[in-house]
Amino acid sequence: MPAIVVVGGQWGDEGKGRATDQLGDRIDYVVRYQGGNNAGHTIVTPDGEKFALHLLPSGVITPGVVTIIGNGVVVDPKALLEEMDGLAARGVDTSNLLVSADAHLIMPYHRIMDKLTERYLGVQRIGTTGRGIGPSYGDKIARIGIRMQDLLDPGILAQKLQGALREKNQVLVKVYNRKAIDADAVCAEYLEYAERLRPYIADTRLVLDQALTAGKTVLLEGAQATMLDLDHGTYPFVTSSNPTSGGAAVGAGIPPTRIDRVVGVSKAYATRVGAGPFPTELFDENGEHLRKVGGEYGVTTGRPRRTGWFDAVVARYATRVNGLTDLVLTKLDILSGLPRVPLCVAYDVNGTRHDEMPMTQTDFHHAKPIYEYLDGWWEDLADVRKFGDLPANAQRYVERVEQLAGAPVAIVGVGPRRDQTIVRHDLL
């Protein structure tokens, strides 16, 4: 069976785990294909138990699913082991996890450089999580990165560490006035991680090829989202990898011809964490209402998220760039109780209307939302399970989002639990 990609349609935190979780036991493999422990998925079970995941694919909560951390991910081994231990303490079996031998490692100097660089940039900072993701990807591109497979060869690990720290220590000491990092100490620390991680390291490209050939269902899961894509997002206020659907094939090690469906996930409004342009951002009581009622605080950092109205320009862009075949619209319930619900249908840039994403960063920074206003609804949606049972105005809102985005809305989320879902058509 072909692979399915799940991608964020906005700036992240859309509830991508909802799409994965909805497919449940019909999925055989869930693959995380990019990012690091700077992102997170929140899964809420029907009995209200909440799981906050950072590196592990969301399929880890479903028994029997093989979860894979692909070659496109950067892995902090300490964070990974802590997450696995935390789930084990709650009775979750992580023995079905595989980690690509070619996934790059986040090293202690990556975290240090991340924090120092952000501090140095001051008001021009990107708003990273300080977890070393960007510097790790930087070393990967510079071809001085250290990979999971290097943990299996102490000699290679020591050699690569010495080579990387030759330059890093010069920068730390002479530019930032910090202490040099001891290569031997880092090597010893990471060899301890290697002992525990050895059984999980695999040629995941081969595993996935065999699975797809055997007719298994493979779901490719991105972290972050379209507008944070290194190439297609609001550069430079983006992540260091490619969350868009094109990155799925590269980051998982499968050919694009294996991908059959691309599912985009968007909130019924919009949020963003970190710096960068956000045309529909709210600074009034409506923004605070969305943040409070929607629980808009980062899964990984706890930072309050910036909030705004749904942006159909971004939605159309996400549909076009990713080739979306389906949409999952989450958190429709958060809009209950508003007399009118605005939808951004276009931008005004210095007096010129833009129905599509402006080409330049300058124009996007100056974009002002053009709103269309729909009548709101007051009903509580928590127990609604059929689209026809939604209030008429809520139905109209979903249908207008679908029309503006240019992709059919397959699933509507009306609460945080996995069962608080309206299925309009099956994703499979």
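One can find the structure itself at the top, above this paragraph.
Engineer: Describe in detail the packing of aromatic side chains, supporting the description with residues and values.
Structural biologist: Under the definition given, this model contains five aromatic pairs. Ring centres of Y190 and Y193 lie 5.2 Å apart, and the angle between their planes is 75°; this geometry places the pair in the edge-to-face category. Remark: Y193 and Y190 occur in helix α6 (residues 183–197); sequence separation between them is three residues, near one turn of the helix. With respect to burial, Y190 and Y193 carry one shared label: buried. With centroids separated by 5.9 Å and ring planes inclined at 65°, the aromatic side chains of Y347 and F364 adopt a geometry described as edge-to-face. Residue Y347 is found in strand β16 (residues 340–349), and its partner F364 is found in helix α11 (residues 361–365); the two are separated by 17 residues along the sequence. Residue classification places F364 among the buried residues on the basis of a relative accessible area of 6%. Lying across the ring of Y373, R340 places its NZ or CZ 4.1 Å from the centre.

Engineer: Outline the side chain of Q224, supporting the account with residue identities and numerical values.
Structural biologist: As for its placement among the helices and strands, Q224 is situated in the loop between β10 (218–221) and α8 (245–252). Exposure remark for Q224: the relative accessible area of 9% places this residue in the buried category. One polar contact links Q224 to Q34, side chain to side chain, over a distance of 3.2 Å.

Engineer: Go over empty space enclosed by the protein with me, naming the residues and quoting the values.
Structural biologist: If you walk through the whole model with that rule in mind, you get one cavity of 30 Å³ or more. Every residue lining the largest cavity is listed: G9, Q10, W11, S266, A270, F310, D311, V314 and A315. Looking at the lining of the largest cavity, the elements with two or more residues in it are β14 (310–311) and α10 (312–322). Partitioned by chemical class, the residues of the lining of the largest cavity number five nonpolar, three polar and one charged.

Engineer: Quick one: what's the story with the sheet that holds strand β5 (residues 66–69), residue by residue and with numbers?
Structural biologist: Spatial strand order, β9-β7-β5-β2-β10-β1-β11-β15-β19-β20: ten strands in an open sheet with mixed pairing. Each edge of the open sheet is held by one strand with a lone partner, namely β9 (201–202) and β20 (421–423). Taken together, the four bridges between strand β2 (residues 29–32) and β5 define a ladder with parallel strand orientation. By the bridge assignment, R32 is partnered in β5 with I69.

Engineer: Talk me through unusual backbone geometry; I want residue IDs and the actual numbers.
Structural biologist: In this structure, P236 follows Y235 across a cis peptide bond, with omega equal to 5°. Structurally, P236 can be placed in the loop between β10 and α8. The phi angle at R143 is positive, at roughly 65°, despite the residue not being glycine. Mapped onto the elements, R143 comes out in the loop between α4 (133–141) and α5 (154–174). Look at R143 and you get exposed, because its relative accessible area is 77%. At Q224, a residue that is not glycine, the phi angle is positive and equals roughly 55°.

Cut-offs applied
Residues numbered from 1 in each chain as written. Predicted model: local features only at pLDDT ≥ 70, side-chain atom pairs only at ≥ 80, totals over all residues. Heavy atoms only, no water. Phe/Tyr/Trp six-rings, centres within 6.5 Å; stacked < 30°, edge-to-face > 60°. Helix = DSSP H or I, 4+ residues; strand = E, 2+ residues; numbered from the N terminus. Buried < 20%, exposed > 50% of the residue type's maximum accessible area, 1.4 Å probe, protein only. Lys NZ or Arg CZ within 6 Å of the ring centre and 35° of its normal. Polar contact = N/O pair within 3.5 Å; in protein donor to acceptor, adjacent residues only side chain to side chain. 1 Å grid on protein atoms, 1.4 Å probe; cavity = no way out; pocket = protein on both sides within 12 Å on 5 of 7 lines; lining within 4 Å. Points joined across faces, edges and corners; volume = space filled by probe spheres on them. Nonpolar A, V, L, I, M, F, W, Y, C, P; charged D, E, K, R; others polar. Pairing = 2+ DSSP bridges.

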